[in-house]
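# Summary of the model geometry
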Amino acid sequence: MARVLDGAAIAAAIKGEVAEEVKALAKQGIRPGLAAVLVGHVPASEIYVASKVKTCGELGLCSDLITPPDTVTTEEMLDLVLALNNREDVDGILIQLPLPKHVEAKFLLDSVSPDKDVDGFHPVNAGKLQAGRPALAPCTPAGVIEILKRSGLPIIGQHAVVVGRSDIVGKPVSMLLLHENATVTICHSKTRDLGAITRQADILVAAIGRPGFIKPEMVKPGATIIDVGINRITTREEFDQFFAGDSKREAAFAKRGSTIVGDVHPKAFELAGAYTPVPGGVGPLTIAMLMANTVRAAKLRRGL
Ligand code: NDP
C-alpha cells in the first residue's frame, strides 16, 4: 500500500522550528517582519493572504497587510514597493498574485529588493538558485524538497521527472532536485510521448494545472509521486471521473458543491510507493516555507 506523505504534519514541524528561531532572534532584539500587499478583492487571494498573516502572528513574526484598491496604478504600486524596500522593519515583501490586468506584474516583482524577495521570484534569486547558491528559494519548490528529505525518501541518483516548466514551480523544483543530485528530466506541453518518460521516474513531480492529468499508465510502480497541482472541480461528471465511490469526498462535494483534485489521477496514487495527497500534501508547505524564508531574509540582511 502506498505511503501517504503528510504535508500538514511536515509543515507543522517546520513552523515549530521557525517559531523557535523567532524566539532566539527576539533575544537579540530582532523581530522578522513580512509585508503582504493584496490588491482589490480576489476571494482566493484574500483567503491565502489572511492565512499568511495569521501564521505570522502564530509564529511570532510581525506582519503588515497593505490593501490598495484594484484601481491602483503601476506607478503607485512601484512607490509602495520602493517604500517597503526601504523599511527597516520589513524583511519580506509578498505581492499576492494575480494583480489587476492593467498593473505590470513582472515589472513590479522585479522592483522588490532581492534581499526581501521571500517568494524567490526575483531574477537575482532565480540566478542564485541556478548557480547552486540559493538565498531565497521559491516556497512551493523548497517545500517539495522538505517533504522528500523529511520523509527519508532518497533523492541522490534518483531519476526525477518534473512535468511543468513554470518559473514558480517547474523550473525551480527541477533546479533544487538537481542540486540534491537527482538526475532530472523536465517535461512540458511540447514533450513527445510523455508517458514513456514519466514511466521512468523514481520521483515524479506534477506541476501542470490540469485535473488528474497523470494517469496510472504513466507511473512506474513504486515511484514517489509529488502532486503540486490544485484544481477545483465543480461538475458531477468531473467528480465521478476522479472520485466515484469515495464516500468522504462525496459528502464534502455535496456540502460545498466543489472539491480539489491535483494533477495526478487518484487511481495513479495506488501504484506509488509514496505520494502527496491533494489537499494536504504540498499545499501546506507553501506557507511554512514563506515563514522560513522571511526569517532567513531577516538573518541574511543582518549578516547573521
Ligand atoms: P503554469 O500554468 O504556469 O505551468 C504549467 C506547466 O505545465 C507548463 O510548463 C506547461 O507546459 C505544462 N503543461 C501544460 N499542459 C501540459 C501537457 N498537456 N503536457 C505536459 N505539460 C503540460 O502552472 P504553475 O506551474 O503555476 O502551477 C502548476 C500547478 O501547481 C497548478 O495546478 C497550480 O494551481 C499548482 N500550484 C500549487 C501551489 C501549492 O502551493 N501547492 C503553488 C503554485 C502552483 P508549457 O510550458 O509548454 O506551456
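Just above sits the structure.
The numbering scheme is per chain: residues are counted from 1 as the chain's sequence reads. Local features in this predicted model are restricted to residues whose pLDDT is 70 or higher, and side-chain atom pairs enter the listing and the counts only when it is 80 or higher, whereas totals over whole chains, interfaces and linings include all residues. Calculated side-chain values reflect all of the structure's heavy atoms, with hydrogen atoms and water omitted.

### Points about the overall build of the protein chain
The helix and strand tally for the protein chain stands at twelve helices and eleven strands. C-alpha atoms define the radius of gyration in this analysis, and the globule rule sets the expected value at 2.2 Å times the number of residues to the power 0.38. Radius of gyration (C-alpha) of the protein chain: 20 Å, near the 19 Å computed for a compact globule of 304 residues. For the protein chain, the spread of C-alpha atoms along the three principal axes comes to 55 × 40 × 35 Å. Any residue under 20% of the maximum accessible area for its type is buried, any over 50% is exposed, and the rest in between are partly exposed; the area is computed with a 1.4 Å probe on protein chains only. When the 304 residues of the protein chain are sorted by exposure, 48% land in the buried category. For the protein chain, the proportion of contacts with a sequence separation of at least 24, taken over those separated by at least 6, is 71%. When charges are counted, Lys and Arg contribute as positive and Asp and Glu as negative, whereas His and the chain ends are disregarded. For charged residues, the charge sits on one atom: NZ in Lys, CZ in Arg, CG in Asp, CD in Glu. A distance of 4 Å separates the average location of the 34 positive side-chain charges in the protein chain from that of its 33 negative side-chain charges. For helices the rule is a DSSP run of H or I covering at least 4 residues; for strands it is a run of E covering at least 2, with both sets numbered from the N terminus onward. Contact between two residues is taken to exist if any of their heavy atoms lie within 4.5 Å; hydrogens are not considered.

### Quick look at the nonpolar core
As used here, the term nonpolar core means buried Ala, Val, Leu, Ile, Met, Phe, Trp, Tyr and Cys residues forming a set that is joined through side-chain atoms within 4.5 Å. Counting 51 residues, the largest nonpolar core has L177, I226 and M291 as its most contacted members. Elements supplying a minimum of two residues to this core: α1 (7-26), β2 (33-37), α2 (43-59), α6 (139-150), β5 (159-163), α7 (170-179), β7 (203-206) and α12 (283-301). Residue ranges for the domains originate in an automatic or database domain assignment. Counting contributing residues, this core receives three or more from each of domain 1 (29-113) and domain 2 (139-283).

### What about the site of the ligand?
Here a residue counts as near a molecule or strand whenever at least one of its heavy atoms sits within 4 Å of it. Lining the immediate surroundings of the ligand are 22 residues, of which R165, S166, S189, I230 and T286 lie closest. Under the rule applied, a polar contact is a pair of N or O atoms within 3.5 Å (in protein, one hydrogen donor and one hydrogen acceptor; residues adjacent in sequence only if both atoms are side-chain atoms). A distance of 2.7 Å separates an oxygen atom of the ligand from a polar side-chain atom of R165. Between V228 and the ligand, the recorded distance is 3.5 Å, taken from a backbone N or O atom to an oxygen atom. Out of a free accessible area of 930 Å², the ligand has 72% covered by protein chains. For this classification, the nonpolar set comprises Ala, Val, Leu, Ile, Met, Phe, Trp, Tyr, Cys and Pro, the charged set comprises Asp, Glu, Lys and Arg, and every other residue, Gly included, is treated as polar. Considering only residue class, the shell around the ligand consists of nine nonpolar, ten polar and three charged. Here, Shrake-Rupley sampling with a 1.4 Å probe gives the accessible areas, and only protein chains in the shown set may cover a residue.

### Quick word on unusual backbone geometry
Excluding glycine, most residues fall at negative phi; most peptide bonds, likewise, are trans. Residue P98 is reached from L97 by a cis peptide bond, and omega for that bond is 0 degrees. Turning to its location among the elements, P98 is positioned in the loop between β4 (92-95) and α4 (105-111). Cis rather than trans, the peptide bond between V278 and P279 has omega equal to -5 degrees. Residue position: P279 is located in the loop between β11 (274-275) and α12.

### Things to note about the sheet that holds β11
The pairing of strands in a sheet happens through backbone hydrogen bonds and is either parallel or antiparallel. Overall, parallel pairing links the six strands, which are arranged β1-β11-β8-β7-β5-β6 in an open sheet. What marks the edges here is a single partner per strand, and that holds for β1 (3-4) and β6 (183-187). Two strands are said to pair when DSSP picks up at least two bridges between them. In the sheet, β5 pairs with β6 via five bridges, with the strands oriented parallel. What sits directly across from A160, in β6, is V184. Of the strands in this sheet, β5, β6 and β7 touch α7, which is tilted by about 170 degrees from β5. Only the stretch in contact is used when a helix axis is fitted, and all axes are lines through C-alpha atoms; the angle between N-to-C directions ranges over 0 to 180 degrees.

### A closer look at a negative patch on the surface
Residues E75, E76, D79 and E104 make up a contiguous surface patch of negative charge. The topology assignment puts E104 in the loop between β4 and α4. Residues forming no salt bridge and having over 30% relative accessible area are the ones grouped into patches, like charges within 9 Å of each other and nonpolar side chains (Val, Leu, Ile, Met, Phe, Trp, Tyr) within 5 Å. We count a salt bridge whenever a side-chain nitrogen from Lys or Arg sits within 4 Å of a carboxyl oxygen from Asp or Glu.

### Describing the pattern of salt bridges
Here the structure, examined in full by the defined rule, presents 16 salt bridges. Put simply, K149 and E180 hold a salt bridge, and the shortest N to O gap is 3.0 Å. In this pair, K149 is assigned in helix α6 and E180 in the loop between α7 and β6, connecting sequence segments 31 residues apart. Relative accessible area serves as the criterion here: at 24%, E180 is assigned to the partly exposed category. In this structure, a network of salt bridges that share partners links the residues E88, D91, R301 and R302.

### Here's the deal with helix α9 (residues 236-243)
Among all positions in α9, only F239, F242 and F243 are buried. Buried residues of α9, viewed axially, fall in a sector of 80 degrees; they line one side. On its buried face, α9 is in contact with β9 (231-233), α10 (247-256), β10 (259-261) and α11 (266-269). Think of it as the arc spanned by the lines of direction from the helix axis to the C-beta atoms.

### Topic: the environment of V118
Within the secondary structure layout, V118 lies in the loop between α4 and α5 (123-130). Separated by 186 residues in the primary sequence, V118 and L304 place their C-alpha atoms 17 Å from one another.

### Brief notes about α10
At the N-terminal boundary of α10, the capping side chain belongs to D246, with an oxygen 3.3 Å from the backbone nitrogen of K248. Within two residues after α10, G257 carries a phi angle of roughly 80 degrees, on the positive side.

### Structural notes on the packing of aromatic side chains
Centres within 6.5 Å make a pair out of two Phe, Tyr or Trp rings, where for Trp the six-membered ring is used; the pair is then stacked when the planes are under 30 degrees apart, edge-to-face when over 60, and tilted otherwise. On inspection of all chains with the given rule, the structure shows four aromatic pairs. Taking 5.7 Å as the distance between ring centres and 50 degrees as the angle between the ring planes, the aromatic pair formed by F239 and F243 counts as tilted. One end of the pair is F239 and the other is F243, both in helix α9 and four residues apart, which spans about a single turn. Its relative accessible area of 0% is what places F239 among the buried residues. Of the residues examined, F243 reaches a relative accessible area of 4% and is grouped as buried. Seen in terms of ring centroids, F239 and F253 are 4.5 Å apart; in terms of plane orientation they differ by 25 degrees. Their pairing is stacked. Residue F239 is found in helix α9, and its partner F253 is found in helix α10; the two are separated by 14 residues along the sequence. With relative accessibility at 8%, the residue F253 sits in the buried group. Three or more aromatic residues joined by ring pairs make a cluster, and in this case those are F239, F242, F243 and F253.

All quantities given are derived from atomic positions and should not be read as evidence of function.
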